[in-house]
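Now for the letters of each chain:
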Amino acid sequence: MDVLSAVVTALRTGRPRSARVAWPAPWHQRFAPVPGAVGVQVLLRGPCWLITAGAEPTPLAAGDVLLSHGGPGYALADSPSNPPTGPACGPEDITTMDRYVNHVTGSGSEATVTLCGAYELDPARTHPLLAELPTLAHLPAQLGRHADLRAVVDLLGSELQRPRLGGDAVLPALLHVMLLYALRAWFDEQPSAGRTGWAAALHDPATLAALHAMHRDPAHPWTVAALAAEGGLSRAPFARRFTALIGQPPLSYLTWWRMSTAARLLRESDAPLQAIAAKVGYTSEFAFAAAFKREFGAAPGRYRTRA
């Protein structure tokens, strides 16, 4: 599993939510931040302004994508002069049962239609890749850019507009894909000259090769030298480059990732502790339990019970 796929898969919790919503004019909706959650908003049609604290309102165009992650929240409105209406909306307000729309009008004008989604991640295990995202990223629609993201937006919008058999399986899968494509698009949009941290790591062949290796097979007895070989570098230059970009040494990140993977397995499966320990590189159940407790403050069995 590649790095981006592994991050979203291992740290997700609950069920993704999505809706296609019509906003009859006049409207002004606030969106509250939720720790750990990632939100996606796509403007499908109609007038819409992005309103954030401390900045001038920004007009959005059809096809624009917003990717939100924590922060103070934001608002959308058909006009920046309209006052907010109602309480702030959070992921728990998004449903896929009562927000389907085909064509809704209000006040004599066509409604604004948006596609919104919420993806809940473990707030206690925010991956450093996601921690580097801005609290609100704006991906403007550009002809010929991010065709894969536009395609999945069309599919998700169509599925939400006209519910059909199989939707309970299709909607979460499409939302998962849309989130991955939006994250990929944001990282691809970062200018080469200004890339730092994970944005740079995902475009650095040596670091990316080592990350892929750790995510692909966390149970392997990796050493710094073996990871360096994956990236085609000698041990010392690789360790310096990895630490500078990722913010921690290779084996420290490996341990963090192993524990994150183990936590997901404990939450989502009833596999015995010995099997989970083996999947994340521990031949001893005792050693695994000790490492897990250092990371989470609870033994694996107690963590599973609480989860």
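Residues numbered from 1 in each chain as written. Predicted model: local features only at pLDDT ≥ 70, side-chain atom pairs only at ≥ 80, totals over all residues. Heavy atoms only, no water.

**A closer look at the overall build of the chain**
Stage number 1. Each helix and strand counted, the chain has 12 helices and 11 strands in total.
Stage number 2. Within the chain, contacts between residues at least 6 apart in sequence are counted, and of these 76% link residues at least 24 apart.
Stage number 3. Total accessible area on the chain stands at roughly 14,200 Å², and carbon and sulfur atoms take up 56% of it. (Helix = DSSP H or I, 4+ residues; strand = E, 2+ residues; numbered from the N terminus. Contact = heavy atoms within 4.5 Å. Areas by Shrake-Rupley, 256 points an atom, 1.4 Å probe, with all protein chains shown as cover.)

**Let's talk about unusual backbone geometry**
Stage number 1. Cis geometry marks the peptide bond from Ala25 to Pro26, where omega comes out at -5°.
Stage number 2. On the secondary structure map, Pro26 appears in the loop between β1 (17–23) and β2 (28–31).

**What about helix α3 (residues 147–161)?**
Stage number 1. Here α3 contains 15 residues, and its C-alpha end-to-end distance of 21 Å stays within 8% of the 21 Å for a straight helix at 1.5 Å per residue.
Stage number 2. Buried within α3 are the following residues: Leu149, Arg150, Val152, Val153, Leu156, Gly157, Glu159 and Leu160. (Expected span 1.5 Å × (residues − 1). Buried < 20%, exposed > 50% of the residue type's maximum accessible area, 1.4 Å probe, protein only.)

**Things to note about empty space enclosed by the protein**
Stage number 1. A complete count under the given rule lists 1 cavity of 30 Å³ or more for this structure.
Stage number 2. Broken down by element, the residue count for the lining of the largest cavity peaks at 3 residues, all from strand β3 (residues 37–45).
Stage number 3. A per-class count over the lining of the largest cavity returns 6 nonpolar, 2 polar and 1 charged. (1 Å grid on protein atoms, 1.4 Å probe; cavity = no way out; pocket = protein on both sides within 12 Å on 5 of 7 lines; lining within 4 Å. Points joined across faces, edges and corners; volume = space filled by probe spheres on them. Nonpolar A, V, L, I, M, F, W, Y, C, P; charged D, E, K, R; others polar.)

**Describing the packing of aromatic side chains**
Remark: the centre distance and the inter-plane angle together describe each pair of aromatic rings, the angle taken between the planes.
Stage number 1. With the rule as written, the count across this model stands at 13 aromatic pairs.
Stage number 2. A ring pair is formed by Trp23 and Trp27, whose centres lie 5.0 Å apart and whose planes are at 15°; its orientation type is stacked. Note on accessibility: Trp23 and Trp27 belong to one class, buried.
Stage number 3. Here a set of aromatic residues connected by ring pairs shows up, and it is made of Trp198, Phe238, Phe242, Tyr253 and Trp256. (Phe/Tyr/Trp six-rings, centres within 6.5 Å; stacked < 30°, edge-to-face > 60°.)

**Observations regarding the side chain of Gln41**
Stage number 1. Mapped onto the elements of the fold, Gln41 is located in strand β3.
Stage number 2. By relative accessible area, which is 6% here, Gln41 ends up buried.
Stage number 3. There is a polar contact of 3.4 Å between the side chain of Gln41 and the side chain of Tyr74.
Stage number 4. Among residues more than four places away in sequence, those in contact with Gln41 are Phe31, Asp64, Val65, Leu66, Tyr74, Leu76, Thr114, Leu115 and Cys116. (Polar contact = N/O pair within 3.5 Å; in protein donor to acceptor, adjacent residues only side chain to side chain.)

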